[in-house]
Amino acid sequence: MTRLSPRNALRRAAGLLAAAGLLAVVPLAGAAAPAHADEPPVFTLGGPAETSLHPYRADGRPKPSRLGITVTAPSGEEGTGFAGRFTLTFDLSGVAGVADVAFDGAASGAETSDGGASGGALGAGTSGGGTAPDCEVTGAKAVCVGTGVRPGTHPVAALVVTAAAGGERGDSGTITVTGEAEGAAFTPFTTRVTVGGPDLVMEELPFRTELVPGDRQQAPITFANRGAGDAEGVLLTLRYTRGLDIPQRYSNCRYSEDDPGPSGVGRTTALCTVEGAFEAGEAYTLATPLTIEATERAYRDTFLYRIEEAGPPRPAPAAFERGDGAVLRAVPVSGPQNRAAGRTADPTPHDNQREADFRTENTADFAAYGDRVSGARGATVTADVGFRNVGPAWIGHLRSGEDVAVVDFTVPRGASVVAKPDRCRAVTAAGEYREDQRSPAPRYLCPTSPAVHDGEGLDLPFALRIEEVLIGAEGEVTVRAPSARNPALPFDPAPANNTARLVLNAGDDGDGGPSTPPTSDPGPDASPSGAPAASAPGGGAAGASGGSDSGTGSGHGDGLASTGSDALTVAGAAAVALTAGLALVAAARRRTGRHS
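Description of the structure in this document. Since the structure is predicted, the reported quantities are computational estimates derived from the model, not experimental observations.

### Overview of the overall build of the protein chain
Turning to step 1, where the next piece is worked out: Looking only at helices and strands, one finds two helices and 40 strands in the protein chain.
Turning to step 2, where the next piece is worked out: With 596 residues in all, the protein chain has 51% of them scored as buried.
Turning to step 3, where the next piece is worked out: The long-range share in the protein chain, meaning contacts at least 24 apart out of those at least 6 apart in sequence, stands at 82%.
Turning to step 4, where the next piece is worked out: A total of about 26,200 Å² of accessible surface is found on the protein chain, and carbon and sulfur atoms cover 50% of it.

Here's what the structure looks like:
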């Protein structure tokens, strides 16, 4: 088996983490190239760089390794996927005499990790987004035919690989995958399989998972090499969400705090290269246990810890910065547990990684804010509404992927919405489904992402046309749970500020007024939602004064979120002058018996 220097481990990190689904936000070298309108889409085939095989057993029932092949299609604005048929061709000549290859569902006689025979169809979970590929092995070639590839990275084929009879430890070979389709191109991929390599297995730690802010506990990460060959250096990956912290920053680790992006999740990732020879059959633990801390913003958090062997050179992720502390080391487990317990595990990657979920007793105060805007009849004005999470906790639904909350906005009488944020959908006055999303609606629901950071929230600009001047007309802005039947936010200890008001043309008697974002507002650019700009119901963007007449624009006043009080102040001399004039017009109309 070719030995690899642990100094190359960080260069391999991007590929390893991508295969494990850990670095979706970090671009990899060779990722799918963006497709231009006049060029066919280019899809990138991928998978693990190397797979270890258990040596062939004397009883003739080899234990298999599973090798997953993925396809990456352009995503975002550049990617629309592919709906046509495609063909993948596997060149198996490089592993002749080294390994036997079948596809999941086509293998017979190979023993699985639970002692049974492999089975099941190459179906659910293995397609790139369309129908599962139909694979057939003929001699030194395998062909898979499938339909449809959706944007992003997805499994596309699952190989079952076993050591060939008569092979020896150290035997190695390659499998090359190519693809073709009418109207699309594929970047080929080559992976190596080796008989008798190391199989690193991460042990699960008995964490306390019910915490309070400030709790600390040790994490004596322990792993074993249950394979048939030694590992020269390992790569330890640590990934933890916003509410957790590991105070140590080791000099042989690189750290990155992910940009939260549209999902608003945000995680810290540490890639630690640990040098040394990690022998087959031995177990190892960190010389000094890590410390896991629940910070003041913890609520529902996850901690992932993963072990890999050092591998071939790959570019190190540019976003990672080296720590400046001591060197993280791993030492053999002393005593009777220094040998890997139990039967030899299959050399498969599923046991390289563990995850722990933590629940911290904490709260987050979601405070709604409204606005106060004024304008003449026919004018278009922009009203800024939304909410802020004033903490202390961040809130994330990482496992379910459900939205944390929804902003429920009721439009004031006398106004109609001519442009809204893209995330908002129109509903009826009762909050029911409304098929027509293009014409103005009386009410809008604007969901958050599955995570909302402390100090952030949603900023929602609505462009309103003043159809009728009604002094002090009010709309309501409420941040609540996604379910209207159970609107309470279980983590929010101050529900009184979940509702604010949007006031149009407030009178000079003090009635009506806006609510404002809390003072912890980090600004629109920091919002995890990305605070999309308002767009017209027909899809076009709208400015602050898109009507036939120019309005007076929008502005936040000095009031707090509504707590049931009807007394709100008037903001600015310009607003006072305008509303006073409007009041005189209304009075004159009343004297003449006309209704504005």
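Now, onward.
### Regarding unusual backbone geometry
Turning to step 1, where the next piece is worked out: Cis geometry marks the peptide bond from Gly-391 to Pro-392; its omega dihedral reads 5°.
Turning to step 2, where the next piece is worked out: Counting through the fold element by element, Pro-392 comes out in strand E28 (residues 379-392).
Turning to step 3, where the next piece is worked out: A positive phi is found at Asn-505, a non-glycine position, where the angle reads about 50°.
Turning to step 4, where the next piece is worked out: Tracing the chain through its elements places Asn-505 in the loop between strand E37 (499-504) and strand E38 (534-535).

### Some thoughts on the pairing of E37
Turning to step 1, where the next piece is worked out: Counting buried positions along E37 gives five out of six residues, so the element sits mostly inside the fold.
Turning to step 2, where the next piece is worked out: Across three bridges, the pairing between strand E27 (residues 371-373) and E37 is parallel. Residue pairing across strands places Val-373 opposite Leu-504, the latter belonging to E37.
Turning to step 3, where the next piece is worked out: Pairing geometry for strand E36 (residues 473-480) and E37, over six bridges, is antiparallel. Bridging across to E37, Thr-478 finds its partner in Thr-499.

### Some points on the packing of aromatic side chains
Turning to step 1, where the next piece is worked out: Counted under the stated rule, the structure contains 17 aromatic pairs.
Turning to step 2, where the next piece is worked out: Ring geometry for Phe-86 and Phe-186: centres 6.2 Å apart, planes at 45°, overall tilted. Placement of the pair is Phe-86 in strand E4 (residues 82-91) and Phe-186 in strand E10 (residues 184-187), with a sequence separation of 100 residues. Judged on exposure class, the residue Phe-86 and its partner Phe-186 are both buried.
Turning to step 3, where the next piece is worked out: Their ring planes at 50° and their centres at 4.7 Å tell us that Phe-409 and Phe-462 sit as a pair that is tilted. Taken together, the residues Phe-409 in strand E30 (residues 406-410) and Phe-462 in strand E35 (residues 457-466) connect sequence positions 53 residues apart. Taken individually, Phe-409 and Phe-462 each receive the classification buried, so the pair is uniform in this respect.
Turning to step 4, where the next piece is worked out: An aromatic cluster is defined as three or more aromatic residues linked by ring pairs; in this entry it consists of Phe-207, Tyr-240, Phe-303, Tyr-305 and Phe-358.
Turning to step 5, where the next piece is worked out: Just above the ring of Tyr-255 sits the side chain of Arg-249; from NZ or CZ to the centre is 4.5 Å.
Turning to step 6, where the next piece is worked out: A cation sits over an aromatic face here: Arg-300 above Tyr-299, 4.1 Å from the ring centre.

### What to know about the state of the cysteines
Turning to step 1, where the next piece is worked out: Throughout the structure, instances matching the rule amount to three disulfides.
Turning to step 2, where the next piece is worked out: Paired by a disulfide, Cys-135 and Cys-144 hold their sulfur atoms 2.1 Å apart. Disulfide Cys-135 to Cys-144: torsion about the S-S bond roughly 115°, handedness right-handed. This pair shows no difference in class: Cys-135 is buried, exactly as Cys-144 is.
Turning to step 3, where the next piece is worked out: The partner cysteine of Cys-424 in its disulfide is Cys-446, sulfur to sulfur 2.0 Å. Around the S-S axis, the bridge from Cys-424 to Cys-446 shows a dihedral of about 110° and counts as right-handed. Here Cys-424 is found in the loop between strand E31 (415-421) and strand E32 (425-427), whereas its partner Cys-446 is found in strand E33 (residues 443-447), with 22 residues between them in sequence. No difference in accessibility class separates Cys-424 from Cys-446, as the two residues are buried.

### With respect to the environment of Met-202
Turning to step 1, where the next piece is worked out: Within the fold, Met-202 resides in strand E12 (residues 200-202).
Turning to step 2, where the next piece is worked out: Sequence separation between Met-202 and Ile-221 is 19 residues, and the spatial gap between their C-alpha atoms is 8.0 Å.
Turning to step 3, where the next piece is worked out: Beyond its immediate sequence surroundings of up to four residues, Met-202 is in contact with Ile-221, Thr-222, Phe-223, Leu-236, Tyr-305, Arg-306, Ile-307, Asp-351, Asn-352, Gln-353 and Arg-354.

### Points about the nonpolar core
Turning to step 1, where the next piece is worked out: Counting residues in each nonpolar core, the largest one holds 40 residues, and the members touching the most others are Phe-366, Ile-395, Tyr-444, Leu-460, Phe-462, Leu-464 and Phe-491.
Turning to step 2, where the next piece is worked out: Only strand E26 (364-369), E28, E30, E31, E33, E35, E36 and E37 provide two or more residues apiece to this core.
Turning to step 3, where the next piece is worked out: Apart from residues no more than four positions distant in its own chain, Phe-491 is found in contact with Tyr-299, Thr-363, Ala-364, Phe-366, Ile-395 and Val-404.
Turning to step 4, where the next piece is worked out: If you look at the next biggest cluster of nonpolar residues, it comprises 35 residues, including Leu-200, Val-234, Tyr-255 and Ile-307.

### Looking at the pattern of salt bridges
Turning to step 1, where the next piece is worked out: Per the stated rule, a full pass over the model turns up 13 salt bridges.
Turning to step 2, where the next piece is worked out: One salt bridge in this structure joins Arg-399 and Asp-357, with 2.8 Å as the shortest N-O distance. Pair noted here: Arg-399 is in the loop between strand E29 (395-396) and E30 and Asp-357 is in strand E25 (residues 353-360), with a separation of 42 residues, a long-range link.
Turning to step 3, where the next piece is worked out: Judged by its relative accessible area of 54%, Arg-399 is exposed.
Turning to step 4, where the next piece is worked out: When its relative accessible area of 39% is taken as the criterion, Asp-357 is described as partly exposed.
Turning to step 5, where the next piece is worked out: Among the ionic pairs, Arg-465 bridges to Glu-467, the shortest N-O distance being 3.5 Å.
Turning to step 6, where the next piece is worked out: Among the ionic contacts, a cluster of salt bridges with common partners joins Glu-355, Asp-357 and Arg-399.

Calculation criteria
Residues numbered from 1 in each chain as written. Predicted model: local features only at pLDDT ≥ 70, side-chain atom pairs only at ≥ 80, totals over all residues. Heavy atoms only, no water. Helix = DSSP H or I, 4+ residues; strand = E, 2+ residues; numbered from the N terminus. Buried < 20%, exposed > 50% of the residue type's maximum accessible area, 1.4 Å probe, protein only. Contact = heavy atoms within 4.5 Å. Areas by Shrake-Rupley, 256 points an atom, 1.4 Å probe, with all protein chains shown as cover. Pairing = 2+ DSSP bridges. Phe/Tyr/Trp six-rings, centres within 6.5 Å; stacked < 30°, edge-to-face > 60°. Lys NZ or Arg CZ within 6 Å of the ring centre and 35° of its normal. Disulfide = S-S within 2.5 Å. Core = buried A, V, L, I, M, F, W, Y, C linked by side-chain atoms within 4.5 Å. Salt bridge = Lys/Arg side-chain N within 4 Å of Asp/Glu carboxyl O.

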